[in-house]
Number of protein chains: 2
Amino acid sequence: MEELHKLFTPGSVAVVGASEKVGTVGRAILENLITTFKGEILPVNYKYDRILGLKCYRSVRDLPKAPDLAVIAVPASSTPEVVRDLCSLGVKFSIVISAGFKETGPDGARLEDELVSAARSCGMRILGPNCLGVYDPWSGLDTIFNPNDRQAKPGAGGVAFLSQSGALGAAILDWLAEAGIGLSKFVSYGNAADIKEWELVEYLAEDPRTTVIALYVEGVEDGRKFMESVRKAVAGGKPVVILKGGRTESGVKAVASHTGSLAGRGEVFSSAVRQAGAVAVDSLGDLINVLKLFARGEIPRGRRVGIVTNGGGAGVLSVDAVESVGLSLAKLEASTVENLRRALPAAASANNPVDILGDAPPERYVTAIEAVAKDPNVDSVIVITLMQSPAFDPKRFAELVKELRSQLEKPVVLVAPGGSYTMNHSKELEKELAIPYYRTPEEAVRALKLAVEWYERYRSIKG
Amino acid sequence: MEELHKLFTPGSVAVVGASEKVGTVGRAILENLITTFKGEILPVNYKYDRILGLKCYRSVRDLPKAPDLAVIAVPASSTPEVVRDLCSLGVKFSIVISAGFKETGPDGARLEDELVSAARSCGMRILGPNCLGVYDPWSGLDTIFNPNDRQAKPGAGGVAFLSQSGALGAAILDWLAEAGIGLSKFVSYGNAADIKEWELVEYLAEDPRTTVIALYVEGVEDGRKFMESVRKAVAGGKPVVILKGGRTESGVKAVASHTGSLAGRGEVFSSAVRQAGAVAVDSLGDLINVLKLFARGEIPRGRRVGIVTNGGGAGVLSVDAVESVGLSLAKLEASTVENLRRALPAAASANNPVDILGDAPPERYVTAIEAVAKDPNVDSVIVITLMQSPAFDPKRFAELVKELRSQLEKPVVLVAPGGSYTMNHSKELEKELAIPYYRTPEEAVRALKLAVEWYERYRSIKG
């Protein structure tokens with residue numbers, strides 16, 4: 001799959017339909033590239049000699065050379081001709097942003113066929129049409145045309161995210177950025193007229209920058225190839241997380257009128273996906289929440305959870321959540337309990353869930369987290385911080401836990417229910433400590449459960 | 001239950017253990033009262049003549065009169081004596097903030113018995129001990145001693161929230177404030193040595209300011225009385241939402257070491273609660289999410305959901321969520337579909353889920369929301385706004401929907417997945433339009449489902 005490499009890391013990009021007009025797709029993409037792309041940018045529009053300080057070419061035929069990639073944002077009806085011209089030049093990759101193809105009905109489907117034929121005649125590969133294209137924080141390629149003040153984009157990291165839906169993909173991307181999850185690539189592949197999602201997964205399975213693959217899909221054309229690509233990625237140690245739109249009967253119908261995909265039955269798809277070793281999630285929340293773990297490599301090796309809390313009630317809710325989803329409350333070694341009993345105040349609970357009381361300062365947290373995380377019967381640690389308590393000093397906590405964290409080889413997650421003060425400080429801790437933060441015990445526990453299930457499937461596939 | 005009234009609306013409050021020392025419970029409570037309480041405040045501490053500008057009394061015996069309420073924040077061992085002195089004065093209500101009773105073991109339990117006997121000997125009622133006490137935004141009574149920069153408190157509204165756990169209760173209170181949910185009363189009742197949760201529920205069932213009752217409980221002493229009080233509240237048209245800590249085997253054990261309550265089996269409790277007409281939730285998230293509906297009286301009268309979205313994928317996920325939880329996708333009247341088809345662009349989908357496309361301006365939202373909300377086959381409306389799209393103008397949307405909303409008699413909720421821009425604007429819309437906002441379709445749908453289930457139970461109890 002080496003061949004898709006230049007799609008993400010072109011040395012030069014032509015923007016066909018580049019524009020100076022504020023609010024247009026052609027302007028937004030050009031601005032993005034000027035801001036972040038290191039290679040050569042070649043705007044194409046018959047109306048201009050120069051755009052935003054760059055020389056503009058009247059037509060594709062006027063380009064001085066074949067760019068590695070063409071981004072096409074012109075009316076759908078013109079795209080086949082543009083592609084034929086690009087073919088003559090010898091261009092190998094195009095991203096067709098334009099909408100108005102298969103998703104609009106039979107006429108659009110015929111146009112899409114024409115577009116694909118034009119590309120295939122010269123061996124050009126096409127991403128799209130009807131898509132947002134690619135955002136690659138490593139290469140600086142960025143064809144997402146939403147305004148940057150509304151649409152945040154994650155920095156460079158290990159998560160590749162593929163989305164059949166452009167708008168939903170953009171919203172998730174925005175959320176991933178806010179959640180501090182680093183990205184290897186975002187691909188909105190739209191109608192997948194040529195490049196299929198399974199090819200992208202195969203490519204990402206080999207891509208050294210990608211450590212996790214997430215997908216929003218409504219339908220896949222070739223189920224067998226898709227599952228094979230997933231299995232390949234998983235066997236290589238990369239978690240794959242799939243959110244499928246169209247899991248219910250009504251959902252399947254909604255998909256038909258959205259992307260025109262044949263959605264197939266939800267359970268069949270989910271069970272095939274799971275058999276291939278992937279995580280099938282049922283909600284946006286679970287998708288983001290489990291990615292918070294995978295992105296940071298925080299993958300529990302087993303189901304036994306240790307809990308440290310400064311509030312008994314929140315500890316109880318966590319225990320309920322752990323048992324409800326099929327994880328188990330770790331039984332601490334007698335020596336751990338004994339050590340904790342000596343180190344903690346008399347009113348504290350030294351058993352799991354370890355309740356270090358409402359007046360717990362950061363130092364007490366460190367004592368408890370270290371003891372629990374180093375216990376051989378614990379696979380992951382949930383740390384609950386009710387920050388309404390004046391004893392909790394977020395800054396000091398950050399300093400102390402940062403030091404401790406480098407010694408711990410097990411996932412540690414933060415749970416902090418509350419309002420603005422708590423949310424702001426939790427997000428800071430999440431960033432500073434690279435520790436996944438959840439607002440509720442239930443969200444944290446579901447994420448841990450999905451992650452450990454992945455690990456178990458990975459082990460069984462790996463053998 | 002008229003008799004509990006003065007606990008929440010005293011004309012005068014003595015603070016036994018009032019202090020000048022920053023960081024103490026006695027100082028925090030006194031400061032709260034000075035800031036928000038309209039009645040007379042009588043600090044008691046043998047060390048001071050004046051505190052924070054108020055005359056301070058050396059002992060309870062020195063008080064010039066019997067205050068309507070005494071708030072006691074002195075070491076546990078001194079509380080029986082303080083109560084005996086308050087009794088001599090004729091005080092009718094005390095809130096015992098102090099910890100160190102039943103929750104600490106047999107010695108503490110004996111002390112708690114002594115405290116209760118002292119109160120009962122003179123007919124005094126006691127809230128607590130081991131609690132945060134009361135926050136009543138209507139009367140200004142506020143005994144929550146967390147620092148106000150960490151602990152937000154909701155403004156006046158209709159939700160009463162009772163919590164057995166102080167710390168968790170405080171965190172939830174903080175969250176409710178951030179979610180813009182108005183409160184009638186917050187009660188942290190701690191060990192419930194005298195005043196029981198069922199008495200509080202009975203009182204709130206009659207309280208005209210309370211329209212919704214929410215509880216975090218770990219165990220109730222008298223299940224029959226508790227269920228009766230719940231049924232009374234529900235029969236009076238007040239939704240009751242209960243989050244029970246200790247629903248699983250391990251959770252029950254954790255409860256025993258937290259509050260020492262006999263938790264009982266989760267399913268038995270849940271099913272009794274549901275039979276009494278309440279909503280039993282399993283997670284903090286569901287608790288907050290359904291309160292967002294109940295607090296605003298947004299209660300669907302049926303299970304048929306209409307969806308308006310500017311993104312097809314988010315629409316599909318919503319449909320899946322609706323069908324997954326047992327709600328149903330509303331089948332719009334032919335005339336509604338016809339009207340929408342005429343009003344919307346050709347590429348839009350006029351059927352439910354109504355997809356008004358990524359370039360939908362606020363005007364198009366209003367057209368679609370109005371048509372869907374007025375359709376007789378629709379019981380509630382989910383409005384999805386992917387705000388990454390430049391066409392979505394939050395300010396204009398607020399203006400237009402505000403006008404429309406007053407005409408609509410069905411619940412309308414907002415779903416807006418995304419990052420900071422989206423979250424900030426969604427919260428503003430939530431406030432300005434009094435419209436519940438959810439970050440994911442799945443959360444919105446679960447909340448609607450819990451609310452409609454309550455309504456169905458209420459109808460069947462009401463007959």
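Residues numbered from 1 in each chain as written. Chains lettered and ligands numbered in written order. Predicted model: local features only at pLDDT ≥ 70, side-chain atom pairs only at ≥ 80, totals over all residues. Heavy atoms only, no water.

1. Details of helix α10 (residues 284–294) of chain A
In step 1: When you tally the buried positions in α10 of chain A, you get eleven out of eleven residues, the bulk of the element.
In step 2: Looking only at α10 of chain A, the buried set comprises Leu284, Gly285, Asp286, Leu287, Ile288, Asn289, Val290, Leu291, Lys292, Leu293 and Phe294 of chain A. (Buried < 20%, exposed > 50% of the residue type's maximum accessible area, 1.4 Å probe, protein only. Helix = DSSP H or I, 4+ residues; strand = E, 2+ residues; numbered from the N terminus.)

2. Points about the pairing of strand β5 (residues 69–72) of chain A
For a regular strand, the rule is simple: side chains alternate between the two faces of the sheet.
Residues and elements named next belong to chain A.
In step 1: Neither face of β5 is exposed, since Leu69 and Val71 on one face and Ala70 and Ile72 on the opposite face are all buried.
In step 2: Two strands pair when backbone bridges link them, and strand β1 (residues 12–16) and β5 are joined in this way by four bridges, in the parallel orientation. Paired with Val13 across the strands is Leu69, a residue of β5.
In step 3: Alignment of β5 against strand β6 (residues 93–96), held across three bridges, turns out to be parallel. For Ile72, the partnering residue across the bridge sits in β6 and is Val96. (Pairing = 2+ DSSP bridges.)

3. Examining the domain arrangement of chain A
All names here are of chain A.
In step 1: Here chain A is partitioned into domain 1 (1–131), domain 2 (152–296) and domain 3 (304–462).
In step 2: Computed over C-alpha atoms, the centres of domain 1 and domain 2 are 25 Å apart.
In step 3: At the interface, 20 residues of domain 1 touch 17 residues of domain 2.
In step 4: Here domain 1 meets domain 2 over a buried area of about 1,800 Å², counting both sides, of which 55% is carbon and sulfur.
In step 5: Salt-bridge contacts for Asp194 lead to Arg125; the nearest nitrogen and oxygen are separated by 2.9 Å. (Domains from an automatic or database assignment. Contact = heavy atoms within 4.5 Å. Buried area = accessible area lost by both parts, 1.4 Å probe. Salt bridge = Lys/Arg side-chain N within 4 Å of Asp/Glu carboxyl O.)

4. Some points on the relation of the copies chain A and chain B
In step 1: By a simple turn and slide, chain A fits onto chain B: the slide is 0.0 Å along the axis, the RMSD is 0.0 Å, and the turn is 180 degrees. Taken together, these values place the two copies in the relation of a two-fold axis.
In step 2: Comparing interface residues between copies, 100% of those in chain A also lie at the interface in chain B; the contact surface is shared. (Least-squares fit on C-alpha atoms with pLDDT ≥ 70 in both.)

5. A short note on the sheet that holds strand β6 (residues 93–96) of chain B
Residues and elements named next belong to chain B.
In step 1: Here five strands make up an open sheet; going across it, the order is β2-β1-β5-β6-β7 and the pairing parallel. Single-partner strands in this sheet number two, and they are β2 (40–44) and β7 (125–127). Strand-to-strand twist across the sheet, computed as the mean angle between neighbouring axes with direction ignored, equals 20 degrees.
In step 2: Sheet analysis places strand β1 (residues 12–16) next to β2, joined by five bridges and oriented parallel. (Axes fitted to C-alpha atoms, helices over the stretch in contact; angles between N-to-C directions.)

6. Some thoughts on the state of the cysteines
Residues and elements named next belong to chain A.
In step 1: Enumeration according to the criterion identifies two disulfides over all chains in this entry.
In step 2: Sulfur-sulfur distance for the disulfide between Cys87 and Cys122 comes to 1.9 Å. Around the S-S axis, the bridge from Cys87 to Cys122 shows a dihedral of about -60 degrees and counts as left-handed. With Cys87 in helix α3 (residues 79–89) and Cys122 in the loop between α4 (106–120) and β7 (125–127), this residue pair connects regions lying 35 residues apart in the sequence.
In step 3: Look at Cys122 and you get partly exposed, because its relative accessible area is 24%. (Disulfide = S-S within 2.5 Å.)

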